[in-house]
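# Descriptive structure summary
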Amino acid sequence: MKSMSQISNFKIIPYLILFVSILFSISGQLLMKNTMSHAEEGLFTWEFIQKLVLAVSVYCLGVVNWILALRSVKLSVAYPLTSLNYVGILFGSYYFFNEVITLTRIAGVITIFMGVLLVVLPVKKSI
């Protein structure tokens, strides 16, 4: 018989992989923005190509983790969770690129987050 910790770890690992996918996706997008923001020297310089390859590679790691997560996580749960990218990009853009966070954007992100909670929270079946 499996112990409770083995059962919990089995259920948690796919979600950890999913959240790693989301983090790689956010990081890749922010790296792409950073790369393109510093492309004044030209698009075909060695430095630009290195930064772009790094950004795309990080993003691709997110895709690989996404595929792994889908082995165990329902798509109807996993896909809404990827909207957490909006939250990460909002705060990452503020922190790294000094973009303004308005009340409208905050309200939008809260709305998205609440929608994700409604989709992801388990539904109790009543008999």
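### Focus on helix α2 (residues 46-69)
Look at α2: 35 Å from first C-alpha to last across 24 residues, which is about the 34 Å you get at 1.5 Å a residue. Looking at α2, one finds that the buried residues are F48, A55, V58, G62, N65, W66 and A69.

### Brief notes about the nonpolar core
By size, the foremost hydrophobic cluster in this structure holds twelve residues: L18, I22, I26, L30, W66, A69, V73, V77, A78, L81, L84 and V116. Taken together, the elements giving at least two residues each to this core come down to α1 (4-37), α2 and α3 (75-81). Ranked by residues supplied to this core, first place goes to α1 with four residues. Contacts of L30, omitting those with residues within four sequence positions, involve I89, G92, S93, F96 and F97.

### Some remarks on the packing of helix α4 (residues 84-97) against helix α5 (residues 103-120)
Where α4 meets α5, the axes come as close as 9 Å, and the angle between the chain directions of the two elements is 155 degrees. Overall, the two elements α4 and α5 adopt an arrangement that is roughly antiparallel. α5 is crossed by α4, and the crossing has left-handed handedness. Each of L84, Y86, V87 and L90 in α4 lies in contact with α5, whose residues at this interface are R105, V109, I112 and F113.

### Remarks on the packing of aromatic side chains
The tally for this structure, following the rule as stated, stands at two aromatic pairs. Ring plane angle 70 degrees and centroid distance 6.4 Å describe the contact between W66 and Y79, whose orientation is recorded as edge-to-face. Here W66 is found in helix α2, whereas its partner Y79 is found in helix α3, with 13 residues between them in sequence. A relative accessible area of 18% means that W66 is categorised as buried. Using a relative accessible area of 56% as the deciding quantity, one classes Y79 as exposed.

### So, the environment of P122
For P122, the location among the structural elements is in the segment after α5. Along the sequence, P122 and V77 sit 45 residues apart, while their C-alpha atoms lie 9.7 Å from each other.

### Things to note about the side chain of N65
Note that N65 resides in helix α2. The buried category is assigned to N65, whose relative accessible area is 14%. Of note is the side chain of N65, whose polar atom sits 2.8 Å from the backbone oxygen of L61. With near-sequence residues (within four places) excluded, N65 lies in contact with I17, V20, S21 and F24.

### Observations regarding the pattern of salt bridges
When the charged atoms of two side chains lie near each other, side chains of opposite charge can form a pair. Inspection of the entire model under this criterion finds one salt bridge. We note a salt bridge from E47 to K51, for which the minimum N-O separation is 3.4 Å. Note that E47 and K51 are positioned in helix α2 at a spacing of four residues, about one turn of the helix. On the accessibility criterion, E47 (46% relative accessible area) is partly exposed. K51 gets classed as partly exposed once you look at its relative accessible area, which sits at 30%.

Reading the values: the criteria
- Residue positions are counted from 1 within each chain, in the order its sequence is given.
- Note on the predicted model: pLDDT of at least 70 is required for a residue's local features to be given, and 80 or more for side-chain atom pairs to be given and counted; whole-chain, interface and lining totals, by contrast, use all residues.
- Side-chain calculation: all heavy atoms of the structure are included, whereas hydrogens and water are not.
- By definition, any uninterrupted DSSP run of H or I lasting at least four residues is a helix, any uninterrupted run of E lasting at least two residues is a strand, and each is numbered from the N terminus.
- Take the number of residues in a helix, subtract one, and multiply by 1.5 Å to get its expected span.
- Summary of the burial criterion: residues with accessible area below 20% of their type's maximum are buried, those above 50% are exposed, and those between are partly exposed, where the area comes from a 1.4 Å probe applied to protein chains only.
- In this text, buried Ala, Val, Leu, Ile, Met, Phe, Trp, Tyr and Cys residues form a nonpolar core when linked through side-chain atoms within 4.5 Å.
- Any pair of residues with heavy atoms lying within 4.5 Å of one another is described as a contacting pair.
- In this analysis an axis means a line fitted to C-alpha atoms, helices contributing only their contacting stretch, and an angle means the value between N-to-C directions, from 0 to 180 degrees.
- Each angle is binned into one of four classes, with values under 35 degrees roughly parallel, values over 145 roughly antiparallel, values of 65 to 115 roughly perpendicular, and all other values oblique.
- The sense of a crossing depends on the near helix, which, turned anticlockwise from the far helix by less than a right angle, makes the crossing left-handed and, turned clockwise, makes it right-handed.
- Put simply, two rings from Phe, Tyr or Trp (the six-membered ring, in Trp's case) pair if the centres are within 6.5 Å, and we call them stacked under 30 degrees between planes, edge-to-face over 60, tilted for the rest.
- N or O atoms closer than or at 3.5 Å make up a polar contact, with two conditions inside protein: a donor-capable atom paired with an acceptor-capable one, and, for residues adjacent in sequence, both atoms drawn from side chains.
- Definition used for salt bridges: Asp or Glu carboxyl oxygen within 4 Å of a side-chain nitrogen of Lys or Arg.

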